[in-house]
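# Residue-level structure breakdown
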Amino acid sequence: MIDITFKDGQIRSFEAGVTPEEVAESIAKSLKKKTVAAVVDGELYDRNRPIDKNATVALLTQDDTEALEVLNHSTAHVMAHAVKRLYPDAKFGVGPAIKDGFYYDIATDHTIHESDLPKIEQEMRRIIKEQTEMVREEMTKDEARKRFKDDPYKRELIDELDDGEVVSVYTQGEFVDLCRGGHVGNTRLIKHFKLLSVAGAYWRGDSDRTMLQRIYGTSWFSEEALQNHLALLKERKERDHRKLGKELKIFDIYKEAGQGLAFWLPNGYTVRKVLEDYVYKLERKAGYQHLSTPLLGSKSLYQISGHWDHYRDDMFPTMKQDDEEFVLRPMSCPHHMLVYRSELRSYRDLPIRYAEIVTQHRYEASGALTGLERVRAMTLTDSHIFVRKDQIKQEVLAAYTLILQAIHDLGLDIDYVELALRDESKEKFHPNDELWDEAETLMIELLEEANIEHTVALGEAAFYGPKIDIQVRTAMDRVITMSTVQLDFLMPERFDLTYIGNDGNKHRPVVIHRGLISTWERLMSILLEQYKGAFPTWLAPLQMRVIPVDNPSHLDYAHALNDRFFDEDFRSDIDQREEKLGYKIRDAQTQKIPYQLVIGDNEVKDQTLTYRRYGEKAQHTVPVDEFVAMIHHEIRAKRYDQNR
Ligand code: TSB
Ligand code: ZN
């Protein structure tokens, strides 16, 4: 007999070898049904794995988040089993549970298409019907090597285990898998699942190694939960900026031009131009001066700044010409340091806030490139603020406040604020401990003093100093950095920057690096997803479209309106195609134009217009001046309607 201690401290005796399933049944039949696995002395146990010693046991039921992982992991095994039956040459890489789902990496000569997924699902259903036990076995590394002699990927994983380690192997019917475990015990417990997509994935994420085929799927405890999740995925797909960006002619990426290099199409360029004007005005008002500096920098400039030592992996290789070597700049800080240094500065001149809309290039890994969200050529709303030490806190906070305002104006929400500090990895960060301590202490203090709630991320600092990163969550449920304020004691040192203090002596300024609303690329990806492509009027590429009911008789008036809008600085056009009215209205809606203006006899006679807002059914007929005033007001207020 063994003693089992429960979460509430109760102890009960069982036969040695009792399983979590049996423990649950001894408490209540209903609990047996709901039990998925158990945590036994801190270790995840399958539903049917015997417990043979005294232990503390917490049953995992369908309500626990860990249970969903177990279910998805087990579903991954069943999928691999089905794939093996359909494509007997298949070899397997890894197949873990992920958030709300699972995947398995597969090597087979058969190219798996999405159209194969129903067939694989069908085979999975067959395996589930067979009610196969998923049985755990433990063995030595040597035994495992033998068992997986024909599976090169599994063998590689086995080879990497510590020598003394016990290897666990799971068998269900004729299918065997190397696996740490945590399973539902029998295939019949898998009921509500769907295979979602196929993608390529390098073995071990290494682009020098074989490309495997990855099938993604999702598995749930009820049909309702599955359907809800599928609806969410559908909604996300519709919001995906890559899809919207193409449909709405915002941007495109062409393989022929190179990976991670985005082209801004006419509509995207217009939005970008509006944003640029907005940032320019916002920054001017906040005391920034604007610069424009070159795309290239000499290698030696980046040696001075420290980028060459600490940031080279993220840079494109150097270009040699005559006696000079250049790099495509990954950042503009060194350029701004030179501008600062070009004049004698006094303590009264500070702070000096240089802002630039900076185009820069970074060598991002090809696997990390995601539409506009992570690119290789990008244009950042950048600034470098030169301050005295006594001005650091107030200027960091002022930069932070300006960021909050911009994020608010754009109708976006912050997910959280993260303070990024350095860690022990030596080559990533400049080595001067004293400067690090001073900068990090200041950042921690000022966040506390200003009561800014934040998380801390060790090892995520810039090479030159700590950062405050402002994180947003995308519609695809990824958290990315939108804005950033960074404290840098290093570059002023390396560029020997000075100012004359009121004591008449030379002093060292400090630099604050600030990214206002990220790069145009990343910002556009976020805006597209946030608004589902239906931009608020102040940002919309086209704000209104004039649609004459009948071409010859209403066209003059349509043109007069369009000209008026042009003079008002609105972005407007006329749809004068020989198409049905209904078709033209639908087309304007597909393009998500905020206002559709229909012009017929009455409007011409009364000198009015009839408008309909995107996403609304109601039509309103108003005098032209009233409409113009309304649009001006809406643009000035940067009004947006989240429900659109
Ligand atoms: C703020 N030198 C500082 C600058 O002065 C700097 O470059 N900081 S950064 O490295 O953190 O980048 C600034 C911002 O650019 C990030 O916060 C992020 O929003 C955006 N960004 C970074 N890499 C990419 C990329 N590959 N694609 C799109 N945007 C990016
Ligand atoms: Zn910088």
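Everything below is about the structure shown above.
These lines cover the structure that appears in this document, whether it is placed above or below. (Residues numbered from 1 in each chain as written. Chains lettered and ligands numbered in written order. Predicted model: local features only at pLDDT ≥ 70, side-chain atom pairs only at ≥ 80, totals over all residues. Heavy atoms only, no water.)

This part is about the sheet that holds strand 20 (residues 352-361). The sheet built from eight strands is open, its strands ordered 16-20-21-28-25-24-22-23 with mixed pairing. Of all the strands in the sheet, just strand 16 (289-290) and strand 23 (455-458) have a single pairing partner and so form its edges. Packed onto the sheet, helix 9 (residues 266-285) meets strand 16, strand 20, strand 21 (377-387) and strand 28 (510-519) and runs at close to 150° relative to strand 28. The strands that helix 16 (residues 520-531) touches are strand 20, strand 21, strand 24 (467-473), strand 25 (479-488) and strand 28; relative to strand 28, the one it contacts most, it runs at about 40°. (Pairing = 2+ DSSP bridges. Helix = DSSP H or I, 4+ residues; strand = E, 2+ residues; numbered from the N terminus. Contact = heavy atoms within 4.5 Å. Axes fitted to C-alpha atoms, helices over the stretch in contact; angles between N-to-C directions.)

A negative phi angle is the norm for most residues apart from glycine, just as the trans form is the norm for most peptide bonds. Look at the link from Leu350 to Pro351: it is a cis peptide, with omega at 0°. Here Pro351 shows up in the loop between helix 12 (333-341) and strand 20. One non-glycine residue, Gln131, adopts positive backbone phi at about 50°. Mapping Gln131 onto the fold places it in the loop between helix 4 (117-129) and strand 9 (135-139). Non-glycine residue Asn451 carries a positive phi angle of around 60°. For Asn451, the location among the structural elements is in the loop between helix 14 (433-449) and strand 23.

Another aspect to go through is the site of ligand 1. With respect to spatial proximity, 23 residues lie near ligand 1, and among them Arg362, Glu364, Val375, Asp382 and Ser518 are the closest. Here Arg362 contributes a side-chain N or O atom positioned 2.8 Å from an oxygen atom of ligand 1. Residue Val375 places a main-chain N or O atom 2.9 Å away from a nitrogen atom belonging to ligand 1. Contact with the protein chains covers 94% of the free accessible surface of ligand 1, which is 610 Å². Judged by the fraction of its atoms near the pocket grid, ligand 1 is located in the second largest pocket. (Near = heavy atom within 4 Å. Polar contact = N/O pair within 3.5 Å; in protein donor to acceptor, adjacent residues only side chain to side chain. Areas by Shrake-Rupley, 256 points an atom, 1.4 Å probe, with all protein chains shown as cover. 1 Å grid on protein atoms, 1.4 Å probe; cavity = no way out; pocket = protein on both sides within 12 Å on 5 of 7 lines; lining within 4 Å. Sits in = over half its atoms within 2 Å of the grid points.)

Right, let's talk about the side chain of Gln213 for a bit. Within the secondary structure, Gln213 sits in strand 13 (residues 211-220). The exposure class assigned to Gln213 is buried, which follows from its relative accessible area of 15%. Of note is the side chain of Gln213, whose polar atom sits 2.7 Å from the backbone nitrogen of Ile112. Aside from chain neighbours lying at most four places away, what touches Gln213 is Tyr104, Asp105, Ile106, Thr108, His110, Thr111, Ile112 and Ala199. (Buried < 20%, exposed > 50% of the residue type's maximum accessible area, 1.4 Å probe, protein only.)

Where burial is concerned, most of strand 24 is hidden: six out of the seven residues are buried. Taken together, the five bridges between strand 22 (residues 416-421) and strand 24 define a ladder with antiparallel strand orientation. The partner of Ala420 across the bridge, within strand 24, is Lys467. Note that strand 24 and strand 25 share seven bridges and pair antiparallel. Within strand 25, the position partnered with Arg473 by the bridge is Val479. As consecutive antiparallel partners, strand 24 and strand 25 are separated by five residues, and within that stretch Asp477 has a phi angle of approximately 70°, a positive value.

It is worth spelling out the nonpolar core at this point. Ranked by size, the top nonpolar core spans 60 residues in total, and within it Leu410, Leu487 and Phe535 carry the most contacts. The next biggest cluster of nonpolar side chains, apart from the first, holds 35 residues, and it includes Val36, Ala37, Ile128 and Leu226. (Core = buried A, V, L, I, M, F, W, Y, C linked by side-chain atoms within 4.5 Å.)

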